[in-house]
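Listed below, chain by chain, are the residues.
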Amino acid sequence: MGCGQLDEVDRAIVAELTRDGRMSVTAVAESVHISRAHAYSRIARLTETGVLSKFTVLVDPIKAGLRSSAYVTLKVQQHAWRELREKLREIPEVHHIALVGGDFDVILLVRAVDNIDLRRVIFDQLQSMPGVVDTQTFLVFEDLDVR
């Protein structure tokens, strides 16, 4: 099932769970105007087919002690991506990884306790990785949650 195969009920369920991943099945059912059993089976199917891949929490980075954030772009050697991807996943300060097209190959969201820690991650870990040709750093001054 791809996104194009979702019906109105599926899209409404996804929207509700995107807004509040802790919402009970009963609350989802009431919000979408279907029975609890129907909501349960729909959520199970959306999960089994991978439309819903995980339920998580949204952490306020500042309140969690991560006061310094940056988007870091990487230019990488083409053959290095698969191995590099796994190494990037191992860095706790890397919160998002995207392979992109354009002037650079990868963009990362890096969150650290302060600028000294952010500098350590970028200079000591990211720039020294085999396959990384160049980096560019964009400091985040303010995070806005759009959901």
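A brief look at the structure comes next. All of these numbers come straight from a predicted model, not from anything done at the bench.

Rules behind the numbers
- Residues numbered from 1 in each chain as written.
- Predicted model: local features only at pLDDT ≥ 70, side-chain atom pairs only at ≥ 80, totals over all residues.
- Heavy atoms only, no water.
- Core = buried A, V, L, I, M, F, W, Y, C linked by side-chain atoms within 4.5 Å.
- Buried < 20%, exposed > 50% of the residue type's maximum accessible area, 1.4 Å probe, protein only.
- Helix = DSSP H or I, 4+ residues; strand = E, 2+ residues; numbered from the N terminus.
- Phe/Tyr/Trp six-rings, centres within 6.5 Å; stacked < 30°, edge-to-face > 60°.
- Lys NZ or Arg CZ within 6 Å of the ring centre and 35° of its normal.
- Axes fitted to C-alpha atoms, helices over the stretch in contact; angles between N-to-C directions.
- Parallel < 35°, antiparallel > 145°, perpendicular 65-115°, else oblique.
- Contact = heavy atoms within 4.5 Å.
- Nonpolar A, V, L, I, M, F, W, Y, C, P; charged D, E, K, R; others polar.

A look at the nonpolar core
1) Next: Leu-74, Leu-88, Leu-108, Val-110 and Leu-126 are the most contacted members of the largest nonpolar core, which totals 19 residues.
2) Next: Of all the secondary structure elements, the ones that give two or more residues to this core are strand S1 (68–76), helix H4 (81–89), strand S3 (106–112) and helix H5 (115–126).
3) Next: If you look at the next biggest cluster of nonpolar residues, it comprises twelve residues, including Ile-13, Ala-29, Val-32 and Ile-43.

Some details on the packing of aromatic side chains
1) Next: With the rule as written, the count across this model stands at zero aromatic pairs.
2) Next: Looking at Arg-119, its charged tip hangs above the ring of Phe-123, at a distance of 4.5 Å from the centre.

Here we look at the packing of helix H2 (residues 25–32) against helix H3 (residues 36–48)
1) Next: Contact pair H2 / H3: the axes reach a minimum separation of 8 Å and the direction vectors enclose 105 degrees. In terms of axis orientation, H2 runs roughly perpendicular to H3. Contact residues: H2 offers Val-25, Thr-26, Val-28 and Ala-29, while H3 offers Arg-36, Ala-39, Tyr-40 and Ile-43.
2) Next: Grouping the constituent residues of the contact of H2 with H3 by class yields six nonpolar, one polar and one charged.

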